[in-house]
Amino acid sequence: MKTFVIAMPNEAETVVRHLADRRAETLFGREVVRGTLGGEPTAVVTCGVGKANAAAGTQLALSLGADAVLNVGVAGGLDPRMAVGEIYGVDRAVQYDFDLSEINGTPKGTLNEYAEPHLRLATPPRPFPLRTLATGDRFTDAEDDFDLVIGRLQSALRDMEGAAIAHVCDRAGVPCHAWKALSDVRGGGSMTGQYRERAAFALERLAEAVPALFAAV
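What counts and how
- Residues numbered from 1 in each chain as written.
- Predicted model: local features only at pLDDT ≥ 70, side-chain atom pairs only at ≥ 80, totals over all residues.
- Heavy atoms only, no water.
- Buried < 20%, exposed > 50% of the residue type's maximum accessible area, 1.4 Å probe, protein only.
- Helix = DSSP H or I, 4+ residues; strand = E, 2+ residues; numbered from the N terminus.
- Contact = heavy atoms within 4.5 Å.
- Phe/Tyr/Trp six-rings, centres within 6.5 Å; stacked < 30°, edge-to-face > 60°.
- Lys NZ or Arg CZ within 6 Å of the ring centre and 35° of its normal.
- Core = buried A, V, L, I, M, F, W, Y, C linked by side-chain atoms within 4.5 Å.
- Salt bridge = Lys/Arg side-chain N within 4 Å of Asp/Glu carboxyl O.

Peer 1: Run through helix α1 (residues 9-16), naming residues and quoting values.
Peer 2: Three or more residues of α1 are buried, namely Glu11, Ala12, Thr14, Val15 and Val16. Tucked inside the fold, the buried residues of α1 contact β1 (2-6), β2 (20-27), β3 (30-37), β4 (40-46), β5 (68-77) and α6 (191-216).

What follows is the structure, given as structure tokens:
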């Protein structure tokens, strides 16, 4: 069963609106909506914001029988040539705020059980182009992270959940797919301000794309 793990209720609604025969329940404090999409059984787990919530929600999805995990939501674009409302798939993800470099000399972002920072996702190259996603437990306009995130970790997208979802899936041997609609773009003014003003627009664009994303998996 394909199962979505999505941070916020407004992001989850982009998928739930497409489900037929939907029914909701609360499991371990998280809303789970089951139904069918494109005639296929599916579920949506609304996990909450941040990496810990994302990991817990992904483990819940796996316990429900997920054989593929899908993540959709909004993200920040780190390339000024990007535009709010554009949608990108994720082929690699990294937890940029994970740092054991002073203990074992590994590059920042490298999880303890891995040899390099980036986790590979199974997102198909259609219908949207693929980019690398950086995940961290903060939303900020500060430029402090960008030398690491854009430079050394070669990321064009930033969110607070995706790489944690990919991490749990990788350890479980379950394919992970992710798509992000841009709610804010670096170089276009305050990213926080853009998010507040344009997230709803980005989510509508994402909602329109959900059936095609689901069918591509």
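Peer 1: Provide a residue-level description of the packing of aromatic side chains, including the pertinent values.
Peer 2: A complete count under the given rule lists two aromatic pairs for this structure. Centre to centre, the rings of phenylalanine 4 and phenylalanine 214 are 6.1 Å apart; their planes meet at 20°, and the pair counts as stacked. Of this pair, phenylalanine 4 sits in strand β1 while phenylalanine 214 sits in helix α6, and the two are 210 residues apart along the sequence. With respect to class, phenylalanine 4 is no different from phenylalanine 214; both count as buried. The residue whose ring lies beneath lysine 2 is phenylalanine 214, and the NZ or CZ to ring-centre distance is 4.2 Å.

Peer 1: Requested: an account of the nonpolar core, with residues and values cited.
Peer 2: Ranked by internal contacts, the top residues of the largest apolar core, which has 34 residues, are Val69, Met82, Val90, Leu121, Leu157 and Ile165. Taken together, the elements giving at least two residues each to this core come down to α2 (51-63), β6 (87-95), α5 (162-172) and β10 (176-185). For this core, the element with the highest residue contribution is α5, accounting for six residues. Residues within four places of leucine 157 in sequence aside, it is in contact with Gly76, Leu78, Met82, Tyr88, Gly89, Val90, Arg131, Thr132, Leu133, Ala134 and Leu182.

Peer 1: Tell me about the pattern of salt bridges, and name the residues and values.
Peer 2: Counted according to the given criterion, the structure contains ten salt bridges. Between arginine 81 and aspartate 79 there is a salt bridge; the shortest N-O distance is 2.8 Å. Residue arginine 186 pairs with glutamate 143 through a salt bridge whose shortest N-O separation is 2.7 Å. Note that arginine 186 is positioned in the loop between β10 and α6 and glutamate 143 in the loop between β8 (130-135) and α4 (146-152), a separation of 43 residues in sequence. Beyond isolated ion pairs, a larger network of salt bridges with shared partners links Glu13, Arg17 and Glu204.

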